[in-house]
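Spelled out from the first residue to the last, the chains are:
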Amino acid sequence: MANSNGFPASFYGEPGVLGMLANGISAFLVLLQNFNTVRTGISPVGVENILAVNYIMPFVFGAITLTLIFEAAALVANSWALVVAGILELLILIFAIYGSAALLVKGLTQRLALKGFGTPLFNVLLLGTPNSASAQSIGQEKKKNTKYAEPMALGSFCDTVSSFIFAFYCFGYVTSFALGVAWVSIISAAQLFATYYAHLRQDCYHTTKFGLHATYWLIKAWEEFVASVLIEDANDVSSGREAMVGDWFFVAAALVLCVGSLNTDCLELSHNLLFLLLTISSVPQIPLQGYYVFFGVACSLFTAASLYGTFSRLINAIAEKSLIPVGPQPVSTDQLKRILSCGRSDRRDPGESPQNDQIADALFYISNGVAALSALHAKSTSTNSSFLHLTVPWVLISGAVIQGYVSQVQVRGGGRFGSVIPFFYVVVWATWTWFRFAGVLIQLSPMEAPGFTAGAIAFLVINGFLMLIASYRNLVLLFLTTIMEVVLVCFLLSTLQKLPYKLEIAMLAIFSIICIYGALASLVNCIFTQRILPMGQALLKDQKKQEEKPQSPCPVAESRLTSGLLKITKLLDEGGVCGIPTDTVYALAASCKNPQAIEKIYNIKDRPAEKPICICISSVEQLSAAKPPFSPLLWEFMKNVYPGGISCIVSKGDWLYRLGVGAAYDRVGTKDSIMIRVPDHTVTAHLCDLTGPLAITSANPSGEPDSTHHSMVLSRLGHKIQGVLCDGDSKEVVASTVVNCLKIDEGTIGIVREGCVPAVRVQQIFERVKSQML
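The numbering scheme is per chain: residues are counted from 1 as the chain's sequence reads. In keeping with the predicted nature of the model, local features appear solely for residues at pLDDT of at least 70, side-chain atom pairs appear and are counted solely at 80 or more, and the whole-chain, interface and lining totals rest on all residues. Only hydrogens and water are set aside when side-chain values are computed; all heavy atoms of the structure are taken into account.

1. A short note on the overall build of the protein chain
Think of it this way: any DSSP run of H or I at least four residues long counts as a helix, any run of E at least two long counts as a strand, and we number them from the N terminus. In terms of helices and strands, the protein chain carries 27 helices and ten strands. Counting the 774 residues in the protein chain, one finds 55% classified as buried. Only the protein chains shown count as cover for residues, and the accessible areas themselves come from Shrake-Rupley with a 1.4 Å probe. Total accessible area computed for the protein chain in this model is approximately 33,400 Å², and 63% of it derives from carbon and sulfur atoms. For each residue, the accessible area found with a 1.4 Å probe, counting protein chains only, is set against the maximum for its type, and the residue is called buried under 20%, exposed over 50%, and partly exposed in between.

2. Section: the nonpolar core
Here the nonpolar core consists of buried residues drawn from Ala, Val, Leu, Ile, Met, Phe, Trp, Tyr and Cys, with membership extended through side-chain atoms lying within 4.5 Å. Counting residues in each nonpolar core, the largest one holds 109 residues, and the members touching the most others are Leu278, Tyr365, Tyr425 and Trp429. The greatest single-element share of this core, amounting to twelve residues, is contributed by helix H7 (residues 204-231). In this view, leucine 278 contacts Tyr216, Trp217, Phe295, Ala298, Cys299 and Phe302; residues no more than four positions away in its chain are not counted. If you look at the next biggest cluster of nonpolar residues, it comprises 57 residues, including Cys554, Ile604, Phe637 and Tyr642. Any two residues having at least one pair of non-hydrogen atoms within 4.5 Å are treated as being in contact.

3. Things to note about the pattern of salt bridges
Here, a salt bridge means any side-chain nitrogen of Lys or Arg that lies within 4 Å of a carboxyl oxygen of Asp or Glu. The tally for this structure, following the rule as stated, stands at 13 salt bridges. Here arginine 436 makes a salt bridge to glutamate 504, at a shortest N to O gap of 2.7 Å. One end of the pair, arginine 436, is in helix H15 (residues 420-441); the other, glutamate 504, is in helix H18 (residues 501-528), and 68 residues separate them in sequence. In this pair, the class of arginine 436 matches that of glutamate 504, namely buried. The partner of arginine 560 in a salt bridge is glutamate 558, with the nearest N and O atoms 3.7 Å apart. According to the relative accessible area criterion, arginine 560 is exposed, its value standing at 74%. For glutamate 558, a relative accessible area of 36% gives the class partly exposed. One network of salt bridges, with partners in common, ties together Lys209, Asp265, Glu268 and Arg313.

4. Details of the packing of helix H5 (residues 152-170) against helix H6 (residues 180-200)
Where helices are involved, their axes are fitted lines through C-alpha atoms of the stretch in contact, as for all axes, and angles between N-to-C directions lie from 0 to 180°. Put simply, H5 and H6 touch, their axes get as near as 9 Å, and they point 165 degrees apart. With respect to their mutual orientation, H5 and H6 come out roughly antiparallel. Helix-helix and strand crossings are classified by hand; for H5 and H6 the assignment is left-handed. Contacts between H5 and H6 involve Leu154, Gly155, Cys158, Asp159, Val161, Ser162, Ile165 and Phe166 from the first element and Gly180, Trp183, Val184, Ile187, Ala190, Gln191 and Ala194 from the second. A class-by-class count of the residues in the contact of H5 with H6 yields ten nonpolar, four polar and one charged. Here the angle decides the label: under 35 degrees means roughly parallel, over 145 means roughly antiparallel, 65 to 115 means roughly perpendicular, and every other value means oblique. Crossing handedness: left-handed means the near helix sits turned counterclockwise from the far one by under a right angle, and right-handed means the same turn made clockwise. The nonpolar class holds Ala, Val, Leu, Ile, Met, Phe, Trp, Tyr, Cys and Pro. Asp, Glu, Lys and Arg form the charged class, and all remaining residues, Gly among them, are polar.

5. A short note on the environment of alanine 194
For alanine 194, the location among the structural elements is in helix H6. Along the sequence, alanine 194 and cysteine 158 sit 36 residues apart, while their C-alpha atoms lie 9.2 Å from each other. Filtering out sequence-adjacent residues up to four positions away, alanine 194 remains in contact with Pro151, Leu154, Gly155 and Phe210.

6. Some details on the environment of histidine 719
In this structure, histidine 719 sits in the loop between helix H26 (710-717) and strand S8 (723-726). The exposure class assigned to histidine 719 is exposed, which follows from its relative accessible area of 57%. In this structure the C-alpha to C-alpha distance between histidine 719 and cysteine 554, which are 165 residues apart in sequence, comes to 6.4 Å.

7. Some thoughts on a nonpolar patch on the surface
A residue counts toward a patch only above 30% relative accessible area and without a salt bridge, and it is joined to like-charged neighbours within 9 Å or, for Val, Leu, Ile, Met, Phe, Trp and Tyr, to nonpolar neighbours within 5 Å. On the surface, a cluster of nonpolar side chains totalling about 490 Å² of accessible area is made up of Phe171, Tyr173, Val293, Val297 and Leu301. Along the polypeptide, phenylalanine 171 turns up in the loop between H5 and H6.

8. Things to note about unusual backbone geometry
A cis amide bond links tyrosine 642 with the next residue in sequence, proline 643, at an omega value of -10 degrees. In this structure, glutamine 497 takes a positive phi of about 60 degrees despite not being glycine.

9. Observations regarding the sheet that holds strand S4 (residues 614-616)
Two strands are counted as paired when DSSP detects at least two bridges linking them. Taken in spatial order, the ten strands line up as S1-S8-S2-S3-S7-S4-S6-S5-S9-S10 in an open sheet, and their pairing is mixed. Looking at which strands have only one partner, the edges of the open sheet turn out to be strand S1 (556-558) and strand S10 (750-753). Averaged over all adjacent pairs, the angle separating strand axes in this sheet is 35 degrees, with direction ignored. In this sheet, strand S6 (residues 673-677) lies alongside S4 in parallel orientation, the contact comprising two bridges. In the strand pairing of S6, isoleucine 615 is matched with isoleucine 676. Of the strands in this sheet, S1, strand S2 (578-580), strand S3 (587-591) and S8 touch H26, which is tilted by about 165 degrees from S8.

10. Notes on the side chain of arginine 716
Along the chain, arginine 716 falls in helix H26. A relative accessible area of 12% means that arginine 716 is categorised as buried. By the criterion applied in these results, polar contacts are pairs of N or O atoms within 3.5 Å in which, for protein atoms, one can donate a hydrogen and the other can accept it, and in which residues neighboring in sequence qualify only through two side-chain atoms. Within polar-contact distance, the side chain of arginine 716 engages the side chain of serine 707 at 2.8 Å. In contact with arginine 716, other than residues within four places in its own chain, are Gln202, Ala699, Asn700, Pro701, Glu704, Pro705, Asp706 and Ser707.

11. Digging into the side chain of histidine 271
Summarising the element assignment, histidine 271 is placed in helix H10 (residues 266-281). A distance of 2.8 Å separates a polar atom in the side chain of histidine 271 from a polar atom in the side chain of serine 306. The residues touching histidine 271, leaving out its near neighbours within four places in the chain, are Asp159, Lys209, His213, Phe302, Ala305 and Ser306.

12. Details of the environment of serine 238
Mapped onto the fold, serine 238 is located in helix H8 (residues 234-242). By relative accessible area, serine 238 is classed as partly exposed at 22%. Each C-alpha atom, one on serine 238 and one on proline 287, is 7.8 Å from the other, the two residues being 49 residues apart in sequence.

13. Let's talk about the packing of aromatic side chains
In this analysis, rings of Phe, Tyr and Trp, with Trp reduced to its six-membered ring, are considered paired at centre separations within 6.5 Å, and the interplanar angle assigns stacked below 30 degrees, edge-to-face beyond 60, and tilted for intermediate values. On inspection of all chains with the given rule, the structure shows 30 aromatic pairs. Judged by centre distance (5.4 Å) and plane angle (75 degrees), the rings of tyrosine 216 and phenylalanine 275 are edge-to-face. Here phenylalanine 275 lies in helix H10 and tyrosine 216 lies in helix H7, a separation of 59 residues in the sequence. What links up through ring pairs into an aromatic cluster is the set Phe166, Tyr169, Phe177, Tyr216, Trp217, Phe250, Phe275, Tyr291, Tyr292, Phe295, Phe302 and Trp394. The ring centre of phenylalanine 295 lies 5.6 Å from the NZ or CZ of lysine 220, which sits over that ring. Any Lys NZ or Arg CZ found within 6 Å of a ring centre and within 35 degrees of that ring's normal is scored as a charge over the ring. A cation over a ring is seen here: lysine 652 above tyrosine 665, with NZ or CZ 4.5 Å from the ring centre.

14. Brief notes about the confidence of the model for the protein chain
Put simply, the protein chain has an average pLDDT of 79, and 74% of its residues get 70 or more. pLDDT: the predictor's confidence for each residue, scored from 0 to 100. Here residues 1-14 is modelled with pLDDT under 50, and outside its nearest four sequence neighbours on either side it reaches 23 contacts, counting other chains as well. In this model, residues 544-548 is a region of pLDDT below 50 whose contacts with residues beyond four sequence positions or in other chains number one contact.

15. Some words on helix H23 (residues 632-641)
Residues Leu633, Leu634, Trp635, Phe637, Met638 and Val641 constitute the buried set of H23. Where H23 is buried, its residues touch helix H22 (620-624), strand S5 (646-651), strand S9 (737-740) and helix H27 (759-773).

16. Digging into helix H17 (residues 475-495)
Under the convention used throughout, the expected extent of a helix is 1.5 Å for every residue step, that is, one less than its residue count. The end-to-end C-alpha separation of H17 is 30 Å, in line with the 30 Å expected for 21 residues at 1.5 Å each. For H17, a buried count of 15 out of 21 residues is recorded, marking the element as mostly surrounded by other parts of the structure. At the N-terminal boundary of H17, the capping side chain belongs to asparagine 474, with an oxygen 3.2 Å from the backbone nitrogen of valine 476. Following H17 by one or two positions, glutamine 497 adopts a phi angle in the positive range, close to 60 degrees.

17. With respect to the pairing of S5
Across the six residues that make up S5, a large majority, five, are buried. Two strands pair when backbone bridges link them, and S5 and S9 are joined in this way by four bridges, in the parallel orientation. Of the residues in S9, the one forming a bridge with serine 647 is valine 738. Here S5 pairs with S6 via five bridges, running antiparallel. Paired with serine 647 across the two strands is arginine 677, which belongs to S6.

Here is the structure:
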């Protein structure tokens with residue numbers, strides 16, 4: 001909630017202070033280096049290799065554009081550019097010190113003690129809104145995540161920098177990737193932070209996407225480091241790469257991402273298609289003469305798309321609407337569900353929903369699949385030193401480094417078996433890399449083989465227990481652990497110098513195929529919170545869990561039963577807050593007869609006090625009975641959009657008392673405006689007829705994803721509310737589209753928030769209605 005000065009309570013400490021200081025310290029160090037170079041004439045070693053970053057950064061950080069331009073110019077021009085850059089960096093340092101002090105004082109005192117931080121030069125939320133002068137008091141329903149950062153812009157920015165560095169390298173501007181590997185590794189670590197934030201937001205799609213991209217960039221960076229620094233001979237690099245097949249798993253994983261983004265927007269789908277092109281361009285079977293040209297062109301295209309994606313996601317997330325176009329939804333959610341499920345009905349048990357430890361499942365399958373396919377090789381290449389050198393980062397990074405990260409993510413998910421399986425596979429792939437690849441390169445002594453033999457036997461025993469654990473999950477995971485058991489038998493035989501290569505190749509290939517299907521099924525099922533693609537029922541079930549069904553944290557009622565509807569009506573009339581279905585996503589509802597219940601909603605959701613709540617009614621007829629002083633154009637527009645997934649913001653007035661809002665007048669909407677919802681949902685409409693107008697808002701903790709199934713409402717808010725009206729899956733996965741109608745009589749409307757109804761469609765309806773009224 002907000003305090004009297006209007007500052008929302010901070011869930012975490014003020015991060016701006018640390019960010020400002022980091023910028024200031026960085027600028028200070030660079031300006032010292034620049035002035036020292038001008039004075040002594042000695043340039044820092046290796047500076048030519050960061051030219052790529054200096055050239056791309058001006059397009060990303062607007063605040064330090066000139067500084068970076070002069071930094072880049074100094075690499076090819078005289079020392080005057082370094083002096084100018086140093087002066088600019090001194091200004092950055094001064095601003096950083098002042099800014100960090102201002103933010104620190106603001107955080108400590110909760111007021112604006114120093115000038116320069118407070119009222120912005122312009123409000124980005126008002127961009128693109130015709131009636132921006134009054135938009136401050138509109139009271140729109142914002143969907144900004146206030147608890148965890150939105151990862152999309154950070155993930156796209158990391159893609160931008162990594163791909164640009166690779167393009168710079170592929171076109172021959174630098175001959176060694178020794179410094180590039182450091183840059184890409186740091187950027188990939190930042191991209192894993194984006195993955196982690198996506199996981200905190202229960203966003204399995206971006207958890208998978210940015211995790212996959214970070215894995216790809218890390219592996220390619222270290223592969224190029226090995227090729228350009230450790231091997232150097234182009235012929236040896238070419239012969240080693242020809243036997244590598246791990247990149248084909250990235251091609252398949254990129255296709256999985258394309259499928260997962262079909263119901264997002266055209267920009268996201270295009271970005272994934274370009275990543276698919278990128279993975280194809282880096283297939284090692286491409287002749288070396290054309291490899292770097294193809295890869296460089298693909299990186300350049302991907303850089304452009306990622307840069308556009310960075311700005312569009314950042315600006316649109318801040319503005320909470322589509323100021324920068326991202327394109328329409330390529331395929332509707334319902335159509336994609338039907339295609340993927342092949343017409344099958346969802347057989348999910350009531351109350352079943354994806355758990356936190358399942359959000360990273362797709363990334364678990366991807367990391368194992370890359371490691372398995374990368375480890376696949378014929379007997380003839382087992383002594384090829386170039387192949388062994390190049391394969392080490394493929395197996396070690398995907399199977400150990402990234403999977404180690406996945407295991408930590410799943411620990412936080414709090415699942416029953418946590419990170420047992422991924423953590424064990426970290427050890428397996430790390431040991432595999434050491435014995436099968438690195439061990440050959442460093443010529444391990446035969447006396448050390450018995451130690452690996454003993455370890456392989458231990459792996460077989462432990463994996464047997466993991467097969468038992470997988471039996472409690474699903475058949476796909478059980479098949480995966482079963483094939484891993486055979487793979488470990490091959491590893492055991494390799495320690496005894498009796499490896500059947502054909503068997504190992506077959507098992508690793510099957511293991512990779514299972515991983516691809518597991519990644520696709522996990523991603524799709526988690527996106528839709530439904531069992532769209534079958535994973536197979538668990539062979540073993542917890543008998544205690546079956547016998548003792550967990551008690552619901554609050555009363556529940558079935559929407560199909562009249563008694564259920566009456567039960568929720570009674571709870572609302574008694575001043576309770578209940579979760580109810582709508583034509584979009586689930587909502588929290590309180591009766592307007594009980595203003596105190598509306599106050600409860602803010603506490604239940606941790607909702608900032610400055611964000612108003614809308615009202616929900618059953619029909620336009622119910623609204624017309626209150627005789628609000630609406631113009632004929634507004635009435636006609638409402639008749640065309642109600643009932644449906646559109647909310648209209650209109651002026652407040654005494655007509656709200658006639659509607660039945662009563663004592664809740666001051667607790668809904670803003671001082672001058674109110675948002676009205678008329679859902680296209682029989683149950684919700686009947687409930688409003690029974691209770692009168694309801695004050696509603698989305699049924700999710702403030703800043704977290706919307707609830708698309710009654711089980712999500714129960715698990716997240718059930719312990720805080722008085723009841724839930726259960727209606728299964730919601731019709732949509734996003735909230736309603738909010739339209740500002742305050743200046744409709746002047747011939748304009750504003751899209752405050754684009755939801756389930758595209759803004760273009762709303763504008764078409766308005767133009768048609770307006771033309772009919774003329």
